[in-house]
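Remarks on the overall topology
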Amino acid sequence: MTADAPGFVPTPHPAWLPDDAFAALGRRRVVVAGDGALAGTVAEEVAAATARFGGSFSRLEVGDGVADADLVLTLATDTDAGSASGTDPDAGEGFRLTREGGAVVVQADGDAGLLHGLFHVVRLGEAAFDGPDADETHAPATGLRMLDHWDNVDTHPVMGQVERGYSGGSLFYEDGVVRADLSRVERYARLLAAVGINRVAINNVNVHRREARLLTDDLGDVVRIAAVFRRWGIRVHLSVSFASPILLGGLSTSDPLDTDVAHWWVRAAARVWSAIPDFGGFVVKADSEGQPGPFAYGRTHADGANMLAAAVEPYDGLIHWRAFVYDHRQDWRDRSTDRARAAYDHFHPLDGAFADNVVVQVKYGPMDFQVREPVSPVLAAMPRTRIALELQVTQEYTGQQRHAVYLGPQWSQILGFSFWSADGGASPTVADLATGRAKAVEDPGTGAWHKPAGGFAAVSNAGDDEFWTGHPFAQANLYAYGRLCWDPTLDPADLLDEWAGLTFPGAPDAVRQALHTVLDGSWETYERYTSPLGVGFMVRPGHHYGPDVDGYEYTPWGTYHFADRDGIGVDRSVRTGTGYAGQYPSPWRETYESTRTCPDELLLFFHHVPYTHVLHSGSTVIQHIYDTHFAGVDAVERMIEAWSAVSPLVDPRLAERVAERFAEQLRSATEWRDQINTYFLRKSGIPDERGRTIY
Ligand code: GCU
């Protein structure tokens, strides 16, 4: 699908780094001490800010005496900062913030910590200098904080240039080649660094013939992109085709156990790392939706991943191996196959079989980035495997950046979910599993989480659009994703404040309030008018925008709701259904198993029930469908009202873009309401008890 946002403009919106965000720091006397490459970047930022706002800047050696400074950004003298900034680019990202003799002092663990410390001070603004005395230590929850770009070098005939991209064209590629001018990439890298992202995969996981060549013939262009990101402490990764030895190497096979294949990858890796010594590694989508993989040779995913892992191991490279593997040629008549089961069924038996530098990248839900899904049981089922949680910042199924949907609350809920207890308690959360903070888990009987963890990955929502993200408010999602990777316990409402404060500096408080009114509950609002009770995929096939209740019902994709005249939902119980509920540890396997205990919001994901089934909320399923669809559209109207009152207070171009998006959101939400309500009225024959208009 072609992206609908206006394309490239020379100077994009500054997002969360407008000049004014640096005002507090720029008015001060600032010292930067450190001689690594990132210290150079920090020095440039500070020099520019102090020149702009009348402060002063000086650069010293670490350990030099400092007099008359308001802010000192320095490598810590009492740590082995040299090694932290030298061999492992992910080390040394933390920093300590104190006050000494009236000066704010950031002591960084390494070169990267200077950069993160700088942006921390930027976020604090005046509070960094005027607030109470601080002594805080900051370090990321994980060293693996990654964004995946689904960008194609060539424009794909169906998917466009950016697969599931809603923000114009690619930041990296233009007219079938890497852009000559990478200045936009530089701005992007700076924005990402400011929220803590430190790895970026620069091409689509569906690796087409042209894009496969980034690994070989076009490596020189990847070198250029990597050089831009390096200045911001971000390492570059490539998505690679598992069939590369055939596509690029002229071999007759890509069998992972074939010696020539393994050698081909060893040579490919050697070339990549000799050109880009801090290259991150490869992302692989194998045996998924038509991509090649080890199954063709009767091999397992561990065979495939480990062969690649051996090739990149000498360089400390990583293989991000995606667990999104399922049968996309299902027969809808066959009720025994359940797509939700697939990732667990494929990967759980392989726990412990993956090499140490393989990260198994798991989508947050068992289906596919739906508005509401239970958290994927795969995340809990592989204690001896490095697991990464994969999120989707691009809003494929959540309004495609035409609808204002702030995903921070969804992610926060997922990150805080615990598989081993209903109310959290002391048992590890998803964030703990992904960051490696879960040292030991009692229930699974498997003992310890003894591998380093796999961190976070997410599909980016940015493109060459003037506002980066199509909908200007979708910037908040990119912002929140980065910040939650750094600290998964941050409150999404606070992150919205941070984002609003930086993005609209000096705006009256009413703007911030309106943004909360619009965005705080926007994910649930979107859920209300699109996805009742955990039913997903009632979208138009192919592009996934707008309602089509039966669009996927008789297709091979495995995404069914099974609505008939009596009821709706998928029976995934162990007793009478597909058994998916049994993939969870206790207590969730029992909780999901029964309609009596299954949470309302996931009822139809786990059970097929009559329209008259009474929910915990007291409403029936059919009345819930009607009520939430009316409520969803009402909520959109209130969002628009709240924003309209303050929109004259912000940049008119931004206001215009938001107004245009809101008009579409209201049109689309109304369409959803009327189609879904009408469909279920016709199916069930049960009228709305409040007598509202249903067609
Ligand atoms: C979704 C999406 C595809 C994408 C796939 C993936 O199915 O619609 O465009 O390729 O996810 O994550 O690999």
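What counts, and at which threshold
Residues numbered from 1 in each chain as written. Predicted model: local features only at pLDDT ≥ 70, side-chain atom pairs only at ≥ 80, totals over all residues. Heavy atoms only, no water. Helix = DSSP H or I, 4+ residues; strand = E, 2+ residues; numbered from the N terminus. Buried < 20%, exposed > 50% of the residue type's maximum accessible area, 1.4 Å probe, protein only. Contact = heavy atoms within 4.5 Å. Areas by Shrake-Rupley, 256 points an atom, 1.4 Å probe, with all protein chains shown as cover. Lys, Arg positive; Asp, Glu negative; His and termini not counted. Charge placed at Lys NZ, Arg CZ, Asp CG, Glu CD. Phe/Tyr/Trp six-rings, centres within 6.5 Å; stacked < 30°, edge-to-face > 60°. Lys NZ or Arg CZ within 6 Å of the ring centre and 35° of its normal. Pairing = 2+ DSSP bridges. Axes fitted to C-alpha atoms, helices over the stretch in contact; angles between N-to-C directions. 1 Å grid on protein atoms, 1.4 Å probe; cavity = no way out; pocket = protein on both sides within 12 Å on 5 of 7 lines; lining within 4 Å. Points joined across faces, edges and corners; volume = space filled by probe spheres on them. Nonpolar A, V, L, I, M, F, W, Y, C, P; charged D, E, K, R; others polar. Near = heavy atom within 4 Å. Polar contact = N/O pair within 3.5 Å; in protein donor to acceptor, adjacent residues only side chain to side chain. Sits in = over half its atoms within 2 Å of the grid points. Domains from an automatic or database assignment. Parallel < 35°, antiparallel > 145°, perpendicular 65-115°, else oblique. Left-handed = near helix turned anticlockwise from the far one by under 90°.

The name that an unreviewed UniProt entry assigns to the chain is Alpha-glucuronidase, with the source organism given as Promicromonospora thailandica.

Further remarks concern the overall build of the chain. On a plain count of helices and strands, the chain comes out with 23 helices and 22 strands. Projected onto its principal axes, the C-alpha positions of the chain cover 80 × 65 × 55 Å. Put simply, the chain has 695 residues, and 62% of those count as buried. Contacts spanning at least 24 positions in sequence make up 72% of the contacts within the chain whose residues lie at least 6 apart. Of the roughly 24,600 Å² that the chain leaves accessible, carbon and sulfur atoms contribute 50%. Side-chain charges in the chain split into 59 positive and 93 negative, and the spacing between the mean points of these groups amounts to 3 Å.

Our next topic: the packing of aromatic side chains. According to the stated counting rule, one finds 40 aromatic pairs in the structure shown. On the numbers, 6.5 Å between centres and 85° between planes, the contact of Phe 473 with Trp 499 is edge-to-face. Separated by 26 residues along the polypeptide, Phe 473 in the loop between strand E20 (456-459) and helix H16 (475-486) and Trp 499 in helix H17 (residues 492-503) bring together distant segments of the chain. Following the ring pairs from residue to residue traces out a cluster consisting of Phe 417, Phe 419, Trp 420, Tyr 580, Tyr 584, Trp 588, Tyr 592, Phe 605 and Phe 606. Above the plane of the ring of Tyr 545 lies Arg 402, whose end atom (NZ or CZ) is 4.2 Å from the centre. The side chain of Arg 572 reaches across the aromatic face of Phe 605, ending 4.3 Å from its centre.

Spatially, E2-E1-E3-E5-E4-E6 is the arrangement adopted by the six strands of the open sheet, whose pairing is mixed. Strands at the two margins of the open sheet, each flanked by one partner only, are strand E2 (56-60) and strand E6 (135-138). Averaged over all pairs of adjacent strands, the angle between their axes in this sheet comes to 15°, without regard to strand direction. Against the sheet, helix H2 (residues 37-53) engages strand E1 (29-33), E2 and strand E3 (71-75), with an angle of about 160° to E2.

The subject of this paragraph is empty space enclosed by the protein. Evaluated as defined, the whole model comprises seven cavities of 30 Å³ or more. Looking at the largest cavity, its volume works out to about 130 Å³. Lining the largest cavity are 16 residues, with Gly 534, Val 535, Gly 536, Tyr 560 and Phe 605 positioned closest to its centre. Residue composition of the lining of the largest cavity, grouped by class: seven nonpolar, six polar and three charged.

Here we take up the site of the ligand. Glu 163, Lys 285, Lys 363, Asp 368 and Glu 396 are the nearest of the 13 residues found near the ligand. At 2.6 Å from an oxygen atom of the ligand is found a side-chain nitrogen or oxygen belonging to Asp 368. Protein chains shield 97% of the accessible area of the ligand, which is 320 Å² for the free molecule. When atom positions are compared with the pocket grids, the ligand is found to occupy the second largest pocket.

Here the focus is the layout of surface pockets. Its boundaries defined by the atoms lining it, the second largest pocket holds a volume of some 520 Å³. If you trace the second largest pocket, you find 32 residues lining it, with Met 159, Glu 163, Arg 164, Glu 289 and His 544 closest to the centre. Here the residues of the lining of the second largest pocket are counted per class, giving 14 nonpolar, nine polar and nine charged. When residues are assigned to domains, the lining of the second largest pocket turns out to be shared by domain 2 (145-503) and domain 3 (526-570 + 608-684), each giving three or more.

Contact geometry of helix H18 (residues 509-519) with helix H22 (residues 621-646) gives a least axis separation of 9 Å together with a crossing angle of 165°. Judged on the interaxial angle alone, H22 and H18 are roughly antiparallel. Of the two possible hands of crossing, H18 and H22 adopt the one that is left-handed. Along its contact with H18, which presents Ala 510, Val 511, Ala 514, Leu 515, Thr 517 and Val 518, the element H22 presents Met 639, Ala 642, Trp 643 and Val 646. A class-by-class count of the residues in the contact of H18 with H22 yields nine nonpolar, one polar and no charged.

Reading around the circumference, E7-E12-E13-E14-E15-E16-E17-E20 is the order of the eight strands in this closed barrel, with parallel pairing throughout. Averaged over all pairs of adjacent strands, the angle between their axes in this sheet comes to 25°, without regard to strand direction. Pairing of strand E15 (residues 318-322) with strand E16 (residues 358-363) involves four bridges; the strand directions are parallel. The partner of Arg 322 across the bridge, within E16, is Gln 361. The sheet strands contacting helix H14 (residues 408-416) are strand E17 (386-392) and E20, and the helix crosses E17 at an angle near 160°.

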